[in-house]
Amino acid sequence: MSTPVRTQRRSGIRGGESASGWLFTAPMIILLGMFLVIPVLMALWVSFSDWNGRGSPFSGSVAFVGLDNYTALVGGGGLAEQDFGTALRNNAWYVLLVVPIQTMLSLFLAVLVNRQILRGRGFFRTAFYFPSVTSSVAITVLWLFLFSASGAVNKLLSFIGVNGPNWFNDPSGVLHNILAAFGISTGPAALTGSSFLGISWWEWLAGPSVAMSAFILMAVFTTSGTFMLLFIAALQNLSGDVVEAAIMDGANGWQRFWRVTLPQLRPTLFTVLTLGLIGAWQVFDQIYTGTQGGPGKTTLTPAYLSYQAAFTNQAWGQGAAIAFILFVIIVFFTVFQRWLLAERAVSARRMRPYLPTSGGHT
Amino acid sequence: MQRRNSRWLIGAGLTVVGALSLSACGSGSGFSSDSANTGGELTSDSTQGLSVLIGSSGDAETAAVNAAVAAWSETSGAEAEVSVASDLNQQLAQGFAAQRPADVFYLSTDALAGYASNGSLLAYGDELANKDDFYPSLINAFTYDGEFYCAPKDFSTLQLLINTDLWAEAGLTDADIPTTWEELASVSTALTTDTRVGLAVGGEYARLGAFMAQAGGSLMNEENTEATANSPENLAGLEYAQTLLNDGVMSYAAEIGAGWGGEAFGKELSAMTIEGNWITGAMTNDFPDVNYTVAELPAGPEGKGTLQFTNCWGIAADSPNQAAALDLVEQLTSTDAQLTFSAEFGPMPSIISAADDWRSANPALVAFLDGAEYARDVPVIQGAADVVSDLNAQLESLKTGDAQQILDSTQQNLDALLP
């Protein structure tokens, strides 16, 4: 522990800067600490404890129970594991459909309303952005009306001769329904025989339920506007000369979009995908106001399950554990797609046409 | 660089320590004894007023409770304030965690086990002066681990509601009111038309459980010590419901585009429904033109059966003035107070001494009160609400499902909750 003389304080004109820096940032650090860092740490502790909701989680009567809360969820074999598996299944399908669709749709809308020749661009931008600024509770209520058994959506479907489903009361999986149309209504033994997190692989492959599909449509409807705005901002930042150069090189519109515009949007694409992933994994308001997990638990999501475990069942440790598993899942997917979208050196094969043809290879 | 790092660590460490000590202070004494809930002396710190937290069904209920509590304040000289919770579960949980809960509050049978097991509730049932006046089955509903926790506030039972106009239209008379399962099936068939189903029910245990009770079954035994979900009686009840569903004479409310049985009944999507006495409010407000009558549910192979639902007046173990709270609850569950509540916003009194007055005031609804004699309670153990919601999820597909398999999985889930 011999400390060299380098800890000697710097003096002179810049001496007090560090202190005043801390002083200026202190209010924010204290606020963030009080309302963000400490609660998160408390929740982390709760997830490892047997706290049952009475008194402070740091009082003497609360014991450390190790990974008990976590193992009940991922290996307990009971109802808790089954519910957690179901919630993950539902949310995974939700993410799988919502994130790509909303990203593609918002990019498509952004490109449309960014065109110089479009009349009334302001109107369209506002119209597409409107659902994003409306409260999700209001939209959920609207959705419940639109998608009720005798609602507007089913009326519309009946005009084209389709007998619409009873949306928010239909627990059947969309993929199962499609397979059933081809006469496959029971899964192969390999899938029904073995299970993961308390539900069989065949159930994992059920697809989103019809009820969840309505929520998927709603998420796409409400969030596309926000992300469209991000894409518009990015598109307006692109310099025109690159596109002009591509035109001079003879690239058609389709090629210009895929080979010139889209690669330049990579940072925005990352932002949109990350925000989309986080939002989609944390879906809560719609479930809380809309279906409370029903029908048949097919709209149960980890975020809602966490709330339910804590507030209605007094299983606070388990509720906190669900939240932290969800946190790990979100971080994993964010890191994964960061890796997926990372800038890589152009491969030799792609690069070949641009290299000077030196040597004997022609 | 190193210096900055260590400063960071010290800063972060101080923040954490500071916050921990802050939250430790917040928890009050820090020596919360879990034995506070078991009898002993009641606290009686009369310096603080009582707070009463209710989950109100509307203005009528809020006003009635306010008036009753104000009347108690007047006579006892103690202050009390009523607040209406927007999310009762969440506000209760918050209060218990902070050890500053409301003194007196509404408590559902679902929530009882959770709060009783973590010591948040005062088990005051045995100290009630009017204890013997409560229906025994309601006392049973609020008994957890052998202790009678809280005074039943009021209760409801499920019975059969019949649309009298549609009944007459189908050529049925009062003599046809079903008293057996066979008769229920035949009147349901008679009432079913192309656009209307005979009987609509909510697709959940809280309705279909009545059929199980009529067959002599229930999810758990009276003492909540043993799971009896997959008994042959329960199977008989579910299979009867399954037959009605598959014959097309009974539908789940959701299947015919209604939120609950009462909505299906009010919109005349069904000619009959099985609901509790809360339906009368909805009928008066939303569907005043529908004429209906209430009959007792038909008897099954093991006689009459129905389910009952109830709430109680919980008192917090952490309340500084439990004695006054107990006094308030005795007042709120007295015959006069309960009859006033009943007149103001419609619940059924939880005490036997109010029964006769209630019958003469509500002659059309007598069937609901008659149910008290044979009604079964929903299970009261911690985690049972989860099991029931899982059962509900499975009952949604009862039509095509395997009743035995549904009950077996419920049995397994309930067994897992028992020590």
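As shown above, the structure is provided for reference.
Residues numbered from 1 in each chain as written. Chains lettered and ligands numbered in written order. Predicted model: local features only at pLDDT ≥ 70, side-chain atom pairs only at ≥ 80, totals over all residues.

Visitor: Kindly report on the overall build of chain A, identifying the contributing residues and their values.
Guide: Of the regular secondary structure elements, chain A holds 17 helices and two strands. Taking 21 Å as the expected radius of gyration for a compact globule of 362 residues, we find that chain A reaches 26 Å, considerably beyond that expectation. For the C-alpha atoms alone, the extent of chain A along its principal axes is close to 85 × 70 × 55 Å. Nonlocal contacts in chain A, meaning residues at least 24 apart in sequence, comprise 71% of its contacts between residues at least 6 apart. (Helix = DSSP H or I, 4+ residues; strand = E, 2+ residues; numbered from the N terminus. Rg over C-alpha atoms; globule rule 2.2 N^0.38 Å. Contact = placed C-beta atoms within 7 Å.)

Visitor: Now, about the interface of chain A and chain B: what can you tell me, with residues and values included?
Guide: With 28 residues of chain A at the interface, the matching set in chain B holds 35 residues. Going through the elements one at a time, α1 (17-47) and α15 (302-312) of chain A are the ones with two or more residues in the side of chain A that touches chain B. Considering each element in turn, the side of chain A that touches chain B owes the most residues, three residues, to α1(A). Looking at side-chain class alone, the side of chain A that touches chain B contains eight nonpolar, 18 polar and two charged residues. (Nonpolar A, V, L, I, M, F, W, Y, C, P; charged D, E, K, R; others polar.)

Visitor: Outline the packing of helix α10 (residues 210-237) of chain A against helix α13 (residues 266-281) of chain A, supporting the account with residue identities and numerical values.
Guide: All names here are of chain A. Following both chains from N to C, one finds α10 and α13 inclined at 160°, their axes separated by 10 Å at the closest point. By the angle between their axes, α10 is roughly antiparallel relative to α13. Between α10 and α13 lies a crossing whose hand is right-handed. Between α10 and α13, the contacting residues are Ala-219, Thr-223, Phe-227, Leu-230, Phe-231 and Ala-234 on the first element and Thr-268, Thr-271, Val-272, Gly-276, Gly-279 and Ala-280 on the second. (Axes fitted to C-alpha atoms, helices over the stretch in contact; angles between N-to-C directions. Parallel < 35°, antiparallel > 145°, perpendicular 65-115°, else oblique. Left-handed = near helix turned anticlockwise from the far one by under 90°.)

Visitor: Any details on the environment of Phe128(A)? Residues and values, ideally.
Guide: Tracing the backbone shows Phe128(A) in helix α4 (residues 121-133). When neighbours within four sequence positions are excluded, Phe128(A) is seen to be in contact with Leu109(A), Val113(A), Ser224(A), Gly225(A) and Met228(A).

Visitor: Residue-level account of the sheet that holds strand β7 (residues 159-163) of chain B, with values.
Guide: Residues and elements named next belong to chain B. Overall, mixed pairing links the five strands, which are arranged β9-β8-β10-β7-β11 in an open sheet. If you trace the sheet from one side to the other, it starts and ends with β9 (250-252) and β11 (292-295), each paired once. Adjacent strand axes in the sheet meet at a mean angle of 25°, parallel and antiparallel pairs treated alike. Bridge count between β7 and strand β10 (residues 270-275): four bridges; the pairing is antiparallel. Residue pairing in the sheet places Ile-162 in a bridge with Met-272 of β10. (Pairing = 2+ DSSP bridges.)

Visitor: Pulling in residues and values, what's your account of unusual backbone geometry?
Guide: Residues and elements named next belong to chain A. Phi angles above zero are rare outside glycine, and Leu-197 is one such case at about 55°. With respect to the element layout, Leu-197 can be found in the loop between β1 (195-196) and β2 (199-200). Residue class for Leu-197 comes out partly exposed when judged on the 17 C-beta atoms lying within 10 Å of it. One non-glycine residue, Gln-292, adopts positive backbone phi at about 55°. Along the chain, Gln-292 falls in the loop between α14 (285-289) and α15. Overall, the presence of 12 C-beta atoms within 10 Å leaves Gln-292 in the exposed class. (Buried ≥ 20, exposed ≤ 12 C-beta atoms within 10 Å, placed from the backbone.)

Geometric descriptors of this kind do not, in isolation, establish any biological role.
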